[in-house]
Amino acid sequence: MTKQQALALAAGAGFVVFWSCGFIGARWGTEYTSAFDLLAWRFLVAGALGVVILAIRRPRISRRDLVSQAWMAFLTQFVYLGLIFTGIDHGITAGATALIGSLQPLLIATVAGPLLGERVSRRQWFGLVIGLTGVGLVVADDLSTGHGSPLLFLVPIGGLLGLVAGTCLDRHRKPSTNSLDALALQSLVSAVLFTALAAATGQMTVPDQPGFYGAVLWLVLLATGGGWGLYLVNLKLSGATRISALLYLVPPTTMVFAFLLFGETIGALAVVGMLVCAAAVLLIRLGEQVRCGDGGTPVAEPDRSAGVACVHRGAASGERPDRAAAATRRRHSAHVLRDPRPAVRGARQPAADE
């Protein structure tokens, strides 16, 4: 194993562990107070760190990108985390919530794909159905052990839709903001939103239990700093496709942590559901074997009728095709497509930079 492979393996394993910590922190913190109060304190601390980061870096951000980051904060943090934490606060297990949240890349590749102009194969649609079946098995396992009503599971599913909508917005608007600056801005916006919501609903408190503040620090340092930080590292080392695949390792990891820390049981149906979801991921990823030369990651099979094309997945705002590499490919394509016959070549030849 090379040093680069060992680093990628360590970064991937760390990402799975720290991303799972977010669901464990939610389970821990909601033992002391409501979900909105916990999230308000989490983002007050994260927002304060964001102010320090922005003051040191002093980034120049356009008005358009500021609007994009505000909407991203609303969809991917206020809606997604607000509903995910609410579901856990009302009795859904951390593992089941993590599994519902892990469907995000599957929905992006199969449902949101057409909205972004990306071709989706029949196999991928079939994979979505299988994945939803797996989630249904895990939900059924939770219901069989008395963890809430069926309608309660609509809460984290609504949060998942917020995350999908935020991801689509990011791909559509393609903000040029640095990832660290974007996280700082989104934390500031989320601090305002969650604090206002907690205060308006009478849930903003100053808990006196040390365990509550331990949960807040856990969420800020491990979930936000560790989870998001390693997300960025994995994007550079392995690309967006690997990150999406790693998300499906989060639910079993979360279930093991929840069993060890809180005694949450893992039923037979839940195990079968996770295996079904894993099969769905393999089915979806069968069409993701080709990586484009500029580092982009395909999310679906290329459309043969459109000629030579690469479909990119822009999961992170900082994932951009390299301009120099793109220019080189254009010049190479022009050279390859040039007809060697003098009569044809003289009739119409594309310029090297066309």
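As shown above, the structure is provided for reference.
Each value, and the rule that gives it
Residues numbered from 1 in each chain as written. Predicted model: local features only at pLDDT ≥ 70, side-chain atom pairs only at ≥ 80, totals over all residues. Heavy atoms only, no water. Helix = DSSP H or I, 4+ residues; strand = E, 2+ residues; numbered from the N terminus. Buried < 20%, exposed > 50% of the residue type's maximum accessible area, 1.4 Å probe, protein only. Contact = heavy atoms within 4.5 Å. Areas by Shrake-Rupley, 256 points an atom, 1.4 Å probe, with all protein chains shown as cover. Expected span 1.5 Å × (residues − 1). Phe/Tyr/Trp six-rings, centres within 6.5 Å; stacked < 30°, edge-to-face > 60°. Lys NZ or Arg CZ within 6 Å of the ring centre and 35° of its normal. Axes fitted to C-alpha atoms, helices over the stretch in contact; angles between N-to-C directions. Left-handed = near helix turned anticlockwise from the far one by under 90°. Nonpolar A, V, L, I, M, F, W, Y, C, P; charged D, E, K, R; others polar. Patch = residues over 30% accessible without salt bridge, like charges linked within 9 Å, V, L, I, M, F, W, Y side chains within 5 Å. Salt bridge = Lys/Arg side-chain N within 4 Å of Asp/Glu carboxyl O.

S.K.: Explain the overall build of the chain residue by residue, including any values.
M.R.: Within the chain, the secondary structure is distributed over 14 helices and 0 strands. By the burial criterion, 47% of the 354 residues in the chain qualify as buried. In the chain, once contacts between residues fewer than 6 apart in sequence are set aside, the share between residues at least 24 apart is 83%. Carbon together with sulfur atoms contributes 67% to the accessible area of the chain, which is approximately 17300 Å² in total.

S.K.: I'd love a proper account of helix α11 (residues 250–262), names of residues and values included.
M.R.: For α11, with 13 residues, the first-to-last C-alpha span of 17 Å sits near the 18 Å given by 1.5 Å per residue. For α11, the set of buried residues is Val250, Pro251, Thr253, Thr254, Met255 and Ala258. Positive backbone phi, at 75°, marks Gly263, one or two positions downstream of α11.

S.K.: Before we move on, could you go through the packing of aromatic side chains and cite the residues and values that matter?
M.R.: For any two aromatic rings, the description comes down to two numbers: the centre-to-centre distance and the angle of the planes. If you walk through the whole model with that rule in mind, you get 8 aromatic pairs. When the centroid spacing of 5.5 Å and the interplanar angle of 10° are considered together, the rings of Phe43 and Phe194 count as stacked. Placement of the pair is Phe43 in helix α2 (residues 35–57) and Phe194 in helix α8 (residues 179–200), with a sequence separation of 151 residues. Of the two residues examined, Phe43 and Phe194, each falls in the buried class. Three or more aromatic residues joined by ring pairs make a cluster, and in this case those are Phe43, Trp71, Phe74, Phe78 and Phe194. Across from the ring centre of Phe262, 4.5 Å away, lies the NZ or CZ of Arg27, which sits over that ring.

S.K.: Tell me what's going on with the environment of Phe18, and back it up with residues and numbers.
M.R.: Topologically, Phe18 is positioned in helix α1 (residues 3–29). For the pair formed by Phe18 and Tyr231, sequence separation is 213 residues and the distance between their alpha carbons is 9.7 Å. Each residue touching Phe18, except ones within four places of it in the same chain, is listed here: Leu222, Ala223, Gly226, Gly227 and Leu230.

S.K.: So what about the environment of Thr254? Which residues, and what values?
M.R.: By the element assignment, Thr254 lies in helix α11. Look at Thr254 and you get buried, because its relative accessible area is 0%. Distance from Thr254 to Gly95, taken between C-alpha atoms, is 5.3 Å for residues 159 residues apart in sequence. Once residues within four sequence positions are removed from consideration, Thr254 is found in contact with Ser20, Phe23, Ile24, Ala94, Gly95 and Ala98.

S.K.: Break down the packing of helix α4 (residues 94–101) against helix α7 (residues 154–173) for me, citing the residues and quoting the values.
M.R.: At their nearest, the axes of α4 and α7 sit 9 Å apart, and the two run at 35° to each other. Considering only the axes of α4 and α7, their crossing is right-handed. The segment α4 lies against α7, with Thr97, Ile100 and Gly101 engaging Pro156, Ile157 and Leu160. Looking at the contact of α4 with α7 residue by residue, the class counts come to 4 nonpolar, 2 polar and no charged.

S.K.: Requested: an account of a nonpolar patch on the surface, with residues and values cited.
M.R.: A cluster of nonpolar residues, Val256, Phe259, Leu260, Leu261, Ile266, Val271 and Leu275, forms a patch on the protein surface that exposes about 660 Å² of accessible area. Counting residues per element, the ones that place at least two in the nonpolar patch are α11 and α12 (268–285). Tallying contributions element by element places α11 first for the nonpolar patch, with 4 residues. The residue Leu260 is located in helix α11 in this model. Take Leu260: its relative accessible area is 61%, and that puts it in the exposed class.

Functional significance is not addressed by these values, which are geometric in nature.
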